[in-house]
Structures are given as structure tokens and as C-alpha cells.
Amino acid sequence: MRDMLEKIKRRSTFIDKVNPITKISTGLLMFILVVLMHDPNQLFYLSVLMMAVLIILSGVRLKYLAIVLMLFLVFGAFSAMYMVLYGAGATTLFRFGLIHITEESLVRGVHVMMRGLTLSFFGSLVIFTTRLTDVFYSLMIQLGLKPKFAYSFMAAIRMVPIIAGEYMMLRQTRKVRKPLIHKRHVSGLKGFITTVITLLSQSIRRAYRLGVAMEAKQFDDGPRSYYYETRFTPYDILFLVMMLVIVFTSFVTGSTFSLIGVTDAR
Amino acid sequence: MERKRGLTLTDVLITVVIGLVFAVIYSIWGAVYTVLQPLGLHLNELVYGMWFIAAVVAVLILRKPGVAILAEFAAGAGETIVTLQFDAFLMVYALLQGLAVEIVFAFTKYESTRMMTAVWAGIAAALITLPLDWFYGYLAEVAAWNIILMFTLRIISGALIAGVLAHLIYQALRETGVLKFVGSRNMKHHEGL
Amino acid sequence: MVIEIENLRLRFPEAEERRFDRLNISIRQGEKVLLLGPSGSGKSTLLNLLGGNIPRSMDIPFKADVLTVDPKAAYVFQDPDSQFTMPTVGEELAFILENRRIPRPEMGGMMEDALRAVGLRVEFTMAINDLSGGMKQRLAIASALLQGADTLLLDEPTSMLDEAAVTDLWGTLQDVWHDKTVVIVEHRVNEIWNKVDRVILMDAAGQLIIDEAPEAVMRDHIELLNDYGVWHPHSWDYAPVFETVGPRDEAVIEVRDMKLARGGRTLLNIDALNVKKGEWLTIEGENGTGKTTLMLAILKLIKSEGHIHVNGRRVKKTKDIAGTVYPVFQNPELQFMTNKVFDEVFINLEMHYPRDEAERRCAALLERIGLRHVSHLHPLEISTGQKRRLSVVTAAGGVPEVIIFDEPTFGLDQKLSFELLKMFNELVEEGVTVIMITHDSEIKKRYPSRRLIIEEGQLKEIRGAGHA
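- The name given to chain C in an unreviewed UniProt entry is Energy-coupling factor transport system ATP-binding protein, with the source organism recorded as Lacicoccus alkaliphilus DSM 16010.
- According to its UniProt record, chain C has this under Sequence similarities (unreviewed entry): "Belongs to the ABC transporter superfamily."

- An unreviewed UniProt entry lists chain A under the name Energy-coupling factor transport system permease protein, with Lacicoccus alkaliphilus DSM 16010 given as the organism.
- Recorded in UniProt for chain A, the comment headed Subcellular location (unreviewed entry) runs: "Membrane".

**Regarding the overall build of chain C**
- The secondary structure content of chain C amounts to 15 helices and 21 strands.
- Dimensions along the principal axes, computed over C-alpha positions, put chain C at roughly 65 × 50 × 40 Å.
- For chain C, the residues scored as buried account for 48% of the 468 residues in total.
- By sequence separation, contacts in chain C at least 24 residues apart represent 70% of the contacts at least 6 residues apart.

**Here's the deal with the overall build of chain A**
- What chain A contains, in helices and strands, is nine helices and two strands.
- Walking chain A from its N terminus toward its C terminus, one meets helices and strands in the order α-α-α-α-β-β-α-α-α-α-α.
- Here chain A has a C-alpha radius of gyration of 24 Å; the compact-globule value for 266 residues is 18 Å, and the former is much larger.
- Within chain A, buried positions represent 43% of all 266 residues.
- Across chain A, every contact between residues at least 6 apart in sequence was considered, and the portion connecting residues at least 24 apart equals 79%.

**Section: the UniProt feature "domain: ABC transporter" (unreviewed entry) in chain C**
- Within this numbering scheme, the UniProt entry marks residues 3–229 and 253–468 of chain C as carrying the feature "domain: ABC transporter" (unreviewed entry).
- This span, residues 3–229 of chain C, is 35% helix and 22% strand, and a straight line between its end C-alpha atoms measures 27 Å.

**Section: the UniProt feature "transmembrane region" (unreviewed entry) in chain A**
Residue and element names in this part refer to chain A.
- The UniProt record annotates "transmembrane region" (unreviewed entry) at residues 21–37, 43–60, 67–89, 109–128, 149–170 and 237–262.
- For residues 43–60, helix accounts for 83% and strand for 0%, while the C-alpha atoms at its two ends are 25 Å apart.
- For residues 149–170, helix accounts for 100% and strand for 0%, while the C-alpha atoms at its two ends are 30 Å apart.

**As for helix α2 (residues 53–62) of chain B**
- For α2 of chain B, the tally of buried residues reaches 10 of 10 residues, placing the bulk of the element in the interior.
- Where α2 of chain B terminates, the next one or two residues include Arg 63 of chain B, which has phi positive at roughly 50 degrees.

**Examining helix α14 (residues 414–429) of chain C**
Residue and element names in this part refer to chain C.
- Taking 1.5 Å per residue, 16 residues should reach 22 Å; α14 reaches 22 Å between its end C-alpha atoms and fits that length.
- The complete set of buried residues in α14 reads Gln 414, Leu 416, Ser 417, Leu 420, Phe 424 and Val 428.
- Buried residues belonging to α14 abut β13 (280–284), α13 (384–392) and β18 (433–437).
- Phi turns positive, to about 95 degrees, at Gly 431, one or two residues after α14.

**Points about the pairing of strand β19 (residues 450–455) of chain C**
All names here are of chain C.
- Bridge count for β13 against β19 is four bridges, and the pairing is parallel. What sits directly across from Ile 283, in β19, is Leu 452.
- Relative to strand β20 (residues 458–463), β19 is paired through five bridges, and the arrangement is antiparallel. Note on β20: the bridge partner recorded for Glu 455 is Gln 458.

**A word on the nonpolar core**
- Counting residues in each nonpolar core, the largest one holds 207 residues, and the members touching the most others are Val 17, Ile 53, Val 56, Val 57, Ala 58 and Val 101 of chain B.
- Ranked by residue count, the leading element in this core is helix α5 (residues 103–129) of chain A, at 14 residues.
- The residues touching Val 101 of chain B, leaving out its near neighbours within four places in the chain, are Phe 52, Ala 55, Val 56, Val 59, Ala 68, Ala 121, Ala 124 and Ala 125 of chain B.
- With 64 residues, the next largest nonpolar core counts Ala 322, Val 325, Val 345 and Ile 437 of chain C among its residues.

**Brief notes about the pairing of strand β11 (residues 251–262) of chain C**
Residues and elements named next belong to chain C.
- As paired elements, β11 and strand β12 (residues 265–276) share 10 bridges and run antiparallel to each other. Paired with Arg 256 across the strands is Ala 272, a residue of β12.
- Connecting β11 to the antiparallel partner β12 that follows it, the hairpin turn spans two residues, and Gly 263 within it adopts a positive phi of roughly 55 degrees.

**Some thoughts on the environment of Ile 283 of chain C**
Residue and element names in this part refer to chain C.
- By secondary structure assignment, the location of Ile 283 is in strand β13.
- Classification of Ile 283 as buried rests on a count of 24 C-beta atoms within 10 Å.
- Sequence-wise, Ile 283 and Glu 461 are 178 residues apart; in three dimensions their C-alpha atoms are separated by 9.3 Å.
- Contacts of Ile 283, omitting those with residues within four sequence positions, involve Lys 291, Leu 294, Ile 435, Ile 437, Leu 452 and Ile 454.

**A short note on the sheet that holds strand β8 (residues 181–185) of chain C**
Residue and element names in this part refer to chain C.
- One open sheet accounts for six strands, arranged β6-β7-β8-β3-β9-β10; its pairing is mixed. Lying at the two open borders of the sheet, with one neighbouring strand each, are β6 (74–76) and β10 (208–212). Across this sheet, the average inter-strand angle for adjacent strands is 15 degrees, counted without regard to direction.
- Of the strand pairs in this sheet, strand β3 (residues 32–36) and β8 are connected by four bridges, and their pairing is parallel. Note on β8: the bridge partner recorded for Val 33 is Val 183.
- Strand contacts of helix α1 (residues 43–50): β3, β7 (151–155), β8 and β9 (198–202), with the helix running at about 155 degrees to β8, the strand carrying the most contacts.
- Helix α5 (residues 133–146) contacts β6 and β7 of the sheet and is inclined by roughly 175 degrees relative to β6.

Cut-offs applied
Residues numbered from 1 in each chain as written. Chains lettered and ligands numbered in written order. Predicted model: local features only at pLDDT ≥ 70, side-chain atom pairs only at ≥ 80, totals over all residues. UniProt positions renumbered as here; feature names shortened; annotations may be inferred. Helix = DSSP H or I, 4+ residues; strand = E, 2+ residues; numbered from the N terminus. Buried ≥ 20, exposed ≤ 12 C-beta atoms within 10 Å, placed from the backbone. Contact = placed C-beta atoms within 7 Å. Rg over C-alpha atoms; globule rule 2.2 N^0.38 Å. Expected span 1.5 Å × (residues − 1). Pairing = 2+ DSSP bridges. Core = buried A, V, L, I, M, F, W, Y, C linked by C-beta atoms within 7 Å. Axes fitted to C-alpha atoms, helices over the stretch in contact; angles between N-to-C directions.

What follows is the structure in C-alpha cells.
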């Protein structure tokens, strides 16, 4: 995971130094804020500003950012589709069979899409600027998370590439056997279940052995010292101020320079 | 030797790993879900139950309190890592769905591994996030027939995928022999030594 | 630390019979003990008891009159993927020190010392996944040192390593083990036999059959070791000897101008490779030279440049040769797809025969590979050796024309390895071509009709003792 992050990073920014807990809690606050925002104009500015922050402060190479942004836009558009196509409203723009596009539903659809985008932009910023080990260390040190949970997560995450590799191998072995047997053994539900079972049983066995190994290394859930020191620094305040400014700016500009006449998507 | 209370390190590790295996599956499933979405007839809801299958499978395997929430959280967190996208929305949903499964199994004191229990857990998990969807997605503004269709399909999906399919996976997993050393078991097994 | 166990009874969950019944063992401070036994004799279980894994982490019911073990013992396990917690070398070593509550400023120095002691020269930020198998095991030993344990318990630490790495690893262990009590469970015993104080042989019922100095065991008990099918330094003197079956003239596989790349780098160039019917071929080469990649390429499971012909027909896709050329992967678990050993073979046969006939042939096939008695079990539940044999017969109609084995004898005891070799020989006699990827120098020396080696990105042939 870390190698991958190093490959796509161009430079480090101050957000790298912000405590993971600050970033995650800000993420939760953003979620609540976005759910409570109903003015599409304000939300538009917020999403644009968040995109700018992602581009400038994630430190990720533009080439990769472009791919990420494209994916978000496509997924966002998809998620808004049902609202656009079937939403209720008075001003009809288009009608075909069950499909009934109204101005209200169009605005609402776009609004829902911008919500998703704002959260996705912020989420990527967090992922691109945070090392996973730091997340768990600061959860243990600052928030008192029990070590057994933190280390289980770190150890299990180490296994994800192994699980993925095993899945690739599994597909190769299926390719070898598939022509030799009836396809009801490989396709559909049965194929899905046998795949899941093989992956799960291998992983459970490995997790069990790892649990034994960790406790043999005298791991217990009690007090311990820490290899990494995580603490809150002035960067955390800088980050919070930046986010406040962004939210405030989008509120003000959204109310002052309205792009569309609708101020409430409901 | 007395039975260990609560979750041991091995329990936690196994739960988290189960969550992560499903995270990989969820990420692939996400593509199916997204492709079905624009059809607008809520066909995507038919596969919705997949999102909380991890919780049901894990709690069937370990039969201990906290496992369902932890597994679903791990699956959500794992999806975050696989898709390189920290999604607060997804985490909140994961926790709620885990909680719903947890509640259903708590009613059986974590003793039941029957298929019906799994089905009820699947339905509960399908229902628990509907209020949030209502609010977040402005569902009140969507045509009524469309909403009813959506709810119905989601409940069916919860029952079939998170209930029946999860139970099939649990049964098949038990046959592999991997569960012999795993999870809650009674104290009597020291007898006769 | 003295280890003392008296009258131990132990039974696995859901099992009818006791695994150990009245087991007694005692090990003196600083003693080095080699523990032998056939597959499934409970060596690992005993090791787990000696270091307190049972009952600390493993809920396996047992009782004993006296049980003095060392719960602070350090382990080295065979599978690196399930003994490390953290992503990097530094973090993994620090994990041990964190457990011991060593203050942060002292960690760096201790970690450097441990790495130096095991001769591992890597940065702390190195990802564990990028280390070779031998380096991973040395990291495991470094971890054991940091744990400050008096007892070292080694559970098949070399079974995933090639021969050069095995020698290195035992060298490293001897450098650090002088004041420690050491108990070793191991298949590949040549390097270690004369360095231990005692050799113990356990039988399948968990009874200690032999408990003597290594020289005495070699002098008096070789027959017994052979009977129980465990490896010993002279094992290969008792290995099966086959009459050489020369390959026939027809070519089965022809490869022309193959070029294999991995990550943009050319891994292997093959101008021409001809494999004949009934050949017994070995492919050697150091780790990472592309042996497994070559197998996947021949099967068209990965992309490669060049032409492959099987029985004169150009191969374009995997399914063109499915059932004709068949791979047995290092992890046979991944090849199974049903929930019964019987069905695993039956689903192939049901395509060719009516139900009754298919069932009869299936039973006969399982009988032949010695799996009849486990045919009702789940394929993931049987032992590694049994899985390898089962995976051989998961090919079409039972027996394909070419079988490629990836490290088939890894982690098997003497009995199972020899049985597998006998099975290979039977296959060759029937005209089946056997291709083995292997590290084992004894196998390479004794059995193949032709030896290939991958060196410097080329596939070369070894003739006699020297190179071509």
C-alpha cells in the first residue's frame, strides 16, 4: 500500500503532517454538513473548492489525479440518474414512458451528485496524505483504541495483497479446469460460492496462525510502548482553519453569486 | 480452564480478515451496482444485500458479540483502501448495517446458526439505513411507486443475499474443517481427559 | 529454562480419539532437540504446548500431571505470511519491543543489533513482502532474539527455502543459539543432524519411540526411521530406484522463440524447447528466475511472445491444451472446486462416462493414488501430500499427457516424497511426460531423464555432472 502511495506522490504537503484523527473527524463533520446543505449553489462552490484542495494539496501526480477525478465524475453521474429520471416535479423537461425528467428532479439529481463528489474529493485527500500505520497508531495513542483492534487491522491489511494474489491464482486454476468439467460447477452461484469459500478458508487459516504467532511474540492487550509518536501539532489547527475558510467561502459565494435560481433542492 | 470472555486477538483477526476478503468482493460488486444504477428501475437494489453479507457470515462463524459490527466496519474500511477513497458515508452505513445484524443475533444470545436468523439479520440490515437514504437522496420527492419498488427489492435482496447466501457460505465453510478451532464453543470439551 | 511434561492427554475439538495419551518429555536447559515424526504425528501440536500457544491462543483441551513449559519462548514458523504483523522490517521488529514496553529511544539500537546478529542488511523501511524467503526467516530469527527468550521453538523453518538459503539459515541459527534451549521440528535434517544433542521420534499416536543422541540414532535405528517415513541424513540410500525409461520419439511440446517479460523487464528467452513423450524433465534455477512463470506461459495462463505447439497443434488459448498439459500448482488448495475428494475427480469423469461407469472409475483412480479412505472428506481438509496427489488426478479422464509439477515435494516427509516419486515413475512408464520444477538436488541427480536450468535469462540443458 505504502509503495503504491510513494509511486503516485509528487511531493509532500503540510496535510501529510496533520494528525489522522483530525482528518477523519473532519471527514465525519463534512458528511453531516453536506447532508444538511440544501442550496445547490453553495454545494457547487464547496465541491469546486474541495476539488481544488485535492489537486493542490494532495501532492499526487496530476496524471493519477486526472484518472481519479474522471472516475468520480462518472460514478457521480450514475448515482444521480435515478433521481433525474424518475423524480417528481412540476416543470416537465422531457417525458418518455416511465421516464419523466423535470427541472426540479434535474436540480435534485445534480445536487445529490455534488454531495457525493464533495465527500469523494475530501476522502481522496485523506487517503493520499495519510499512512495507514499512522492512523492506527494515533487511534491507539490519542483515542485509546485497544491494541488488539489496531494491530489486527494492520496485520490484516498486510494480507490484502496476498488475498488478491490468491484470487488471481484461483482464476488461473479455474481456467485450466473449466474446459474439462461441466460448466455448472464453475459458473453462476456455485462458482461464486466455491471461490469465496476457498479464499475465506485460506484467509481464516492464515489469520488463526498469525494470531498464535502474535501472542507467542508476547503481544497482549495491555499497556505498551510505541514505535511511532503521533501527536497534535499546529498543522492540525492550520488544517481546521483551512476547512472552515472553505466552507465559509462557499456559503458566501453561493448566496451572492447564484448560478441557478433554485436555492433549495428539496 | 475457563471459557474466554469477549473477543480474543484471534477472534478479532479472523473477523477483520473476513471483512477484508469481502471488501475485495465488494469492490468488484461496486461495478455491478453502478452499472445497474442508471436503469433507474432500482434493479441495483436487487444486489444491495451483498453490502452486509460480511457481518452475517462473520457472526455465524464466531458467534460472539461485536463480531458483526467489526466485520462490516472492516469490510467498509477495506473498501476504502482498495478503492483509494475514504468515504465517511460508507463507514456510517457499514456501522449501522453491522449493528442491525448484531441486534438480531443478540436476540438469540449468539447461539443460533439457523438460516432464518441469518435471513432476519439480512432484512434488518436492509431496513436500518432506509431513513438515511430517505434524507440523503431526497426520496420523499421520488414517485411513490418507485420508492415502494426500491424498498421491496432491497428487503428481498437483504433476505436472499445477506441471509440465504451468507448461510450457504457458512455451511460450505464448515465442511472445509477450517472452523473447528474457531469461535465460541462450550466448556464441556475438556471432559473425558 | 527446563521443560518437563508428564502424563499429557490431549484431544482435538470434535475428535473422538486422544491425540496424545500419556506423553512424557523432559528437556534440559540449553539442550538442542530435533523432533521427528510422520505427517500428522502431532509434532507441531507438541511445539505449541512447549511455548504455551496452547492454551494461550489455541483452545485445544488437554490435561497433564506436570506441565513446566516456557510461555515466553520464541517461535520461528514455516510460513512467513502468517508470522509477521506489520508491513515493514522496522515496524515488525519494533512490534516485539513495543510488546516488551521498551521505551522508544532505545528501540533503534536494539533493532540494529538484532539485524546484525542474523546478517540481514536491509533498511528499516524495507517492505517485508519484498524480502526473499531466506531473508524473511532471518527476520523471524531477529524477532526471536529481540524477544529475549530462553527457548527457541522452530516449526519447519526451512520448508519454503531453496538449498543455499537453508545452509545460511542454520548457520545463522547456530550463531545465536548457544545459550538457548532449542526444539526443532524439521523435514530437511541433513544440515542439522549432527548439531543437535538429541533426536526424538514420535509415532502417529504421539508416543516417543526414539529418544537418543543423533549418532546413536543413525547407528541403531535407521530401519525404524524408514518405517516411520521420516527424513534422516541417509534417506536417499533407501530411495526408490527405477529402471530408466527412455523418452519416446514423438515430441509433445515444442516451444519456439519464446520471450517472457515481467514488469517491463525480459525475464527469459527460449529459442527452442522440445519435450518428448514419456520424458521426466526437471527445471532448476534460483528463486525469481522465472520457473513458475515458464509453467504459466506454456499453459497460456500469462502472455508471452513466441509459438507453442502441443502434439503438432498451435496453442493459442489455455483451453486448447486443457486436459493434455496439466499443471499441479504449489498451492493445490486453489485447484479444488467441490466439497468432497470424490467429487473432485468425479466431475471430470462424468463428462466422459455414464454415471455408474464414472463412479467406478473414480473410485479406482482414488484407490490408485491412495486416497480412497479420504474420499468422503472435504478436499481442503486432507494433508498437503494428499492434496498434491489429488490435484494430479483432477485432470481430464484421470491422466493427462503432460503434467507440470511446481515443487511437488516441498514440505513432505520421506514416505510421502518417495510415494510421489513412485507415482511419477508409473506415469512416465505409461508414456506420460513429467515436468518438475524442483530445488531438491537429490531428486535432480537421481530421477530425471533430462535436466534443464534457467540461468541468466536462458534455458539451458545440463548433461551429466557439468553444463552443456
